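Commentary on secondary and tertiary structure
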Amino acid sequence: MRTATIERNTKETQIRARLRLEGKGRYIVSTGIRFFDHMLELFTKHGGFDLDLDARGDLDVDQHHTVEDVGIVLGQCFSKALGDRKGINRAGYFVMPMDETLAVVAVDLGGRPALVYRDLVRVRLVGDLQTELVHDFFDGFVHHAGANLHARVLYGRSNHRKIEGIFKCFARAMKYACSKDRRLRDQLPSTKGLL
């Protein structure tokens, strides 16, 4: 079983997370930001991962530290759980219709961090989440997972569905990218022979 446990303690946040890649979509998530919790729960469910995550941050100051640091910790969990990454598919993508909204995410776990993010959200809050921070979450994730990620909403009306569509796509793209192909079991996911 590929699992990882990460603890991150700073002056701004205290986060503990345990991730199992071959999970059943089970989650216990608490960040103090309910809409963010909901997105992480959807990610876990749609990816078939198991995630136990407790984040306590300086929400009296702002949500930024909590959201970004959760991205960092989740990226570290994936990086640790993937180990040397031998035999993984490495890349994955998914297109998700959410009623009138269409989202797409593509991910490459090849070791180089990069992010292109376009969500078309034009409101400050969805639920209790500051929407501009979703970009910061994914930025923290890619830099610590060694991933490049392209996430885009092509069109849509509901800002809730735009963000939800991205998280569901992210989950399913990661599920495929992390999964192993028996034919590649002894190979690193690069022709260079390294990440």
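Preceding block: the structure.
Just so you know, these numbers come straight off a predicted model, no measurement behind them.

1. Some thoughts on the pairing of strand 3 (residues 27-30)
- Of the strand pairs in this sheet, strand 3 and strand 4 (residues 50-57) are connected by 4 bridges, and their pairing is parallel. The residue of strand 4 that forms the bridge with Ser30 is Asp54.
- A crossover connection joins strand 3 to the parallel strand 4 through helix 1 (residues 34-47); in handedness this β-α-β unit is left-handed.

2. Comments concerning the pairing of strand 1 (residues 3-9)
- Where strand 1 lies against strand 2 (residues 13-20), 7 bridges are found, and the strand directions are antiparallel. Opposite Ala4, over in strand 2, you have Leu19 as the bridge partner.

3. Here's the deal with the side chain of Asn148
- By the secondary structure assignment, Asn148 is in strand 10 (residues 148-155).
- Note on Asn148: relative accessible area 16%, which makes it buried.
- Once you skip the residues sitting within four places of it in the chain, Asn148 turns out to touch Ala106, Val107, Asp108, Arg112 and Ala114.

4. Brief notes about a positive patch on the surface
- Side chains of Arg18, Arg20, Lys24, Arg26 and Lys45 sit close together on the surface and give a patch of like positive charge.
- Along the chain, the position of Arg26 falls in the loop between strand 2 and strand 3.
- Look at Arg26 and you get exposed, because its relative accessible area is 53%.

5. Regarding the nonpolar core
- Membership of the largest hydrophobic core comes to 58 residues, with the highest contact counts inside it found for Phe78, Phe137 and Met174.
- Among the elements that make up this core, the one with the highest residue count is helix 4 (residues 159-178) (10 residues).
- Beyond its immediate stretch of four places on either side in the chain, Phe137 contacts Phe36, Leu40, Val67, Val70, Gly71, Leu74, Phe167 and Phe170.

6. Considerations on the pattern of salt bridges
- Evaluated as defined, the whole model comprises 10 salt bridges.
- For Arg56, the salt bridge goes to Asp54, with nearest N and O atoms at 3.0 Å.
- Here Arg56 falls in the exposed class, since its relative accessible area comes to 54%.
- On the basis of relative accessible area, Asp54 is assigned to the partly exposed category, the value being 27%.
- Measuring nitrogen to oxygen at the nearest pair gives 2.7 Å for the salt bridge that ties Arg161 to Glu100. A residue pair is termed long-range when its members are at least 10 positions apart, and Arg161 in helix 4 and Glu100 in the loop between strand 5 (91-98) and strand 6 (101-108) qualify at 61 residues.

7. Describing the packing of aromatic side chains
- Per the counting criterion, the structure on display carries 12 aromatic pairs.
- For the ring pair Phe138 and Phe167, a centre distance of 5.3 Å and an interplane angle of 40° mean the geometry is tilted. Taken as a pair, Phe138 in helix 3 (residues 133-145) and Phe167 in helix 4 lie far apart in primary sequence, 29 residues in all. Pair check on accessibility: Phe138 and Phe167 agree, each one buried.
- Pairwise contacts between aromatic rings join Phe36, Phe43, Phe49, Phe78, Tyr117, Phe137, Phe138, Phe141, Phe167 and Phe170 into one cluster.
- The ring centre of Phe94 lies 5.5 Å from the NZ or CZ of Arg172, which sits over that ring.

8. So, helix 3
- The terminal C-alpha atoms of helix 3 lie 18 Å apart, and with 13 residues this matches the ideal 18 Å at 1.5 Å per residue to within 8%.
- Buried within helix 3 are the following residues: Leu133, Val134, Asp136, Phe137, Phe138, Gly140, Phe141, Val142 and Ala145.
- As for helix 3, its buried residues are in contact with helix 1, helix 2 (64-82), strand 7 (114-118), strand 9 (129-130), strand 10 and helix 4.
- Within two residues after helix 3, Gly146 carries a phi angle of roughly 70°, on the positive side.

Definitions and cut-offs
Residues numbered from 1 in each chain as written. Predicted model: local features only at pLDDT ≥ 70, side-chain atom pairs only at ≥ 80, totals over all residues. Heavy atoms only, no water. Pairing = 2+ DSSP bridges. Helix = DSSP H or I, 4+ residues; strand = E, 2+ residues; numbered from the N terminus. Right-handed = clockwise from strand over helix to strand, strands pointing away. Buried < 20%, exposed > 50% of the residue type's maximum accessible area, 1.4 Å probe, protein only. Contact = heavy atoms within 4.5 Å. Patch = residues over 30% accessible without salt bridge, like charges linked within 9 Å, V, L, I, M, F, W, Y side chains within 5 Å. Areas by Shrake-Rupley, 256 points an atom, 1.4 Å probe, with all protein chains shown as cover. Salt bridge = Lys/Arg side-chain N within 4 Å of Asp/Glu carboxyl O. Lys, Arg positive; Asp, Glu negative; His and termini not counted. Charge placed at Lys NZ, Arg CZ, Asp CG, Glu CD. Core = buried A, V, L, I, M, F, W, Y, C linked by side-chain atoms within 4.5 Å. Phe/Tyr/Trp six-rings, centres within 6.5 Å; stacked < 30°, edge-to-face > 60°. Lys NZ or Arg CZ within 6 Å of the ring centre and 35° of its normal. Expected span 1.5 Å × (residues − 1).

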